[in-house]
Amino acid sequence: MQNKWGIKKIAETLSFKLKKQGNMYDCKATLTRVMMALDGELTEAEEKAFLIHLHQCSPCLKKYEIEKSFKKFLTEKLCRQRIPSQLVDQIRARISSIAGS
Amino acid sequence: MAEEADIIKRTNDELFEREFLPQVEALYNFAFHLTYNEEDANDLVQDTFLKAYRFINSYERGTNAKAWLFKILKNGFINEYRRQTRLPKEVDYEEFLTYQETDDGSDVGELDLRDDLFKGLIGDEVTKAVNELPVDFRTVLLLCDVEGFTYEEIAKIIDIPIGTVRSRLHRARNLMKEKLRDYAKQMGYKENR
Ligand SMILES: [Zn+2]
């Protein structure tokens, strides 16, 4: 509870500052940055503006959460195939045969 | 002279064991999703390590060994394997390319993506869906979502501008959503019969 209020307070303060700087995101600006936000490709300032919008706009937050769970879903389902048991030995054997010659 | 060659060989071997070989699992996974075939993936990974060893002197120590190896593997796949292996039909490729130019990410809001729709899907179906993507889209998706490379690293691995990485990635994810939604619907249809 305390934490939630804390975040809200911070968001309000930041949004006031950013508004003064003309550095606010609307819904379109936010939604075009969802993918980059999830991939960790936003700059610090962009990320701040992005998160502030999410805190204030539940439709955008919802879309963000959906994209986030989709990315997580892909990552989990495409996770490591088990490597064939002899692969590393085969690599070492082929390396030593070219290294020896 | 012979001693010097010995030392060079020993340091190279050490580098190979310490920096290159630990990437074998990641490389195999990437190779498998590119070839969709265990045997080809195995060969592709072996060839990658052989090339890495042969050209070990062109690797700059201290730089990103994983990205360097992924680049070798990806080039090997494009140059040698792509022709021989069972490939999904690539006739649709031009169509995908035209999408790419118009993609700026602004249609995110239009996507109706329901979480629960995907819950029943298993890894095999996702793997199959990825394999049906044109290789350029598949590559960026795997490098980003599975391996966690940054856009900049991906741009270097594939030799394309960062903006192209972004648009391909965006397109790739949307294609995956479409495919998986179709699979999920087919499954639901079967179950309800
Ligand atoms: Zn909004």
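Just so you know, these numbers come straight off a predicted model, no measurement behind them. (Residues numbered from 1 in each chain as written. Chains lettered and ligands numbered in written order. Predicted model: local features only at pLDDT ≥ 70, side-chain atom pairs only at ≥ 80, totals over all residues. Heavy atoms only, no water.)

A.B. asks: Sorry, what's going on with the domain arrangement of chain B here?
C.D. replies: How big an interface is tends to be reported as the loss of accessible area on association of its parts. Residue and element names in this part refer to chain B. Once the domains are mapped, chain B shows domain 1 (1-102) and domain 2 (114-188). Across the contact, 20 residues belong to domain 1 and 24 residues belong to domain 2. Taken together, the two surfaces of domain 1 and domain 2 that pack against each other cover about 2,200 Å², and 62% of this comes from carbon and sulfur. Scanning the region where domain 1 abuts domain 2 turns up 2 salt bridges. With its nearest N and O atoms 2.9 Å apart, the salt bridge here joins Lys-66 to Glu-147. Our count for the contact surface shared by domain 1 and domain 2 stands at 6 residue pairs in polar contact (both at pLDDT 80 or more). Going through the elements one at a time, α2 (24-35), α4 (65-84) and α5 (93-102) are the ones with two or more residues in the side of domain 1 that touches domain 2. In terms of residue count, the dominant contributor to the side of domain 1 that touches domain 2 is α4 (7 residues). Across the side of domain 1 that touches domain 2, the residue classes break down as 12 nonpolar, 4 polar and 4 charged. (Domains from an automatic or database assignment. Contact = heavy atoms within 4.5 Å. Buried area = accessible area lost by both parts, 1.4 Å probe. Salt bridge = Lys/Arg side-chain N within 4 Å of Asp/Glu carboxyl O. Polar contact = N/O pair within 3.5 Å; in protein donor to acceptor, adjacent residues only side chain to side chain. Helix = DSSP H or I, 4+ residues; strand = E, 2+ residues; numbered from the N terminus. Nonpolar A, V, L, I, M, F, W, Y, C, P; charged D, E, K, R; others polar.)

A.B. asks: Help me understand the nonpolar core, please; the structure alone is not making it clear to me.
C.D. replies: Considering soluble globular proteins, one finds that nonpolar side chains tend to be buried as a cluster. A:Ile91, B:Phe16, B:Phe20, B:Val45, B:Phe49, B:Met176 and B:Leu180 are the most contacted members of the largest nonpolar core, which totals 79 residues. There are two domains that each give this core at least three residues, and those are domain 1 (1-102) and domain 2 (114-188) of chain B. (Core = buried A, V, L, I, M, F, W, Y, C linked by side-chain atoms within 4.5 Å. Buried < 20%, exposed > 50% of the residue type's maximum accessible area, 1.4 Å probe, protein only.)

A.B. asks: Is there a simple way to think about the confidence of the model for chain B in this case?
C.D. replies: Detailed reading of the predicted coordinates is not advisable wherever pLDDT falls low. All names here are of chain B. Averaged over chain B, the pLDDT score is 82; the fraction of residues at 70 or greater is 76%. At the level of individual helices and strands, chain B shows its lowest average pLDDT in α5, which scores 44, and its highest in helix α9 (residues 151-158), which scores 96. Overall, residues 87-112 carries pLDDT values under 50, and its contacts beyond four positions in sequence, including any with other chains, amount to 34 contacts. What the predictor reports for the complex is a pTM of 0.80 with an ipTM of 0.77. (pLDDT = per-residue confidence, 0-100.)

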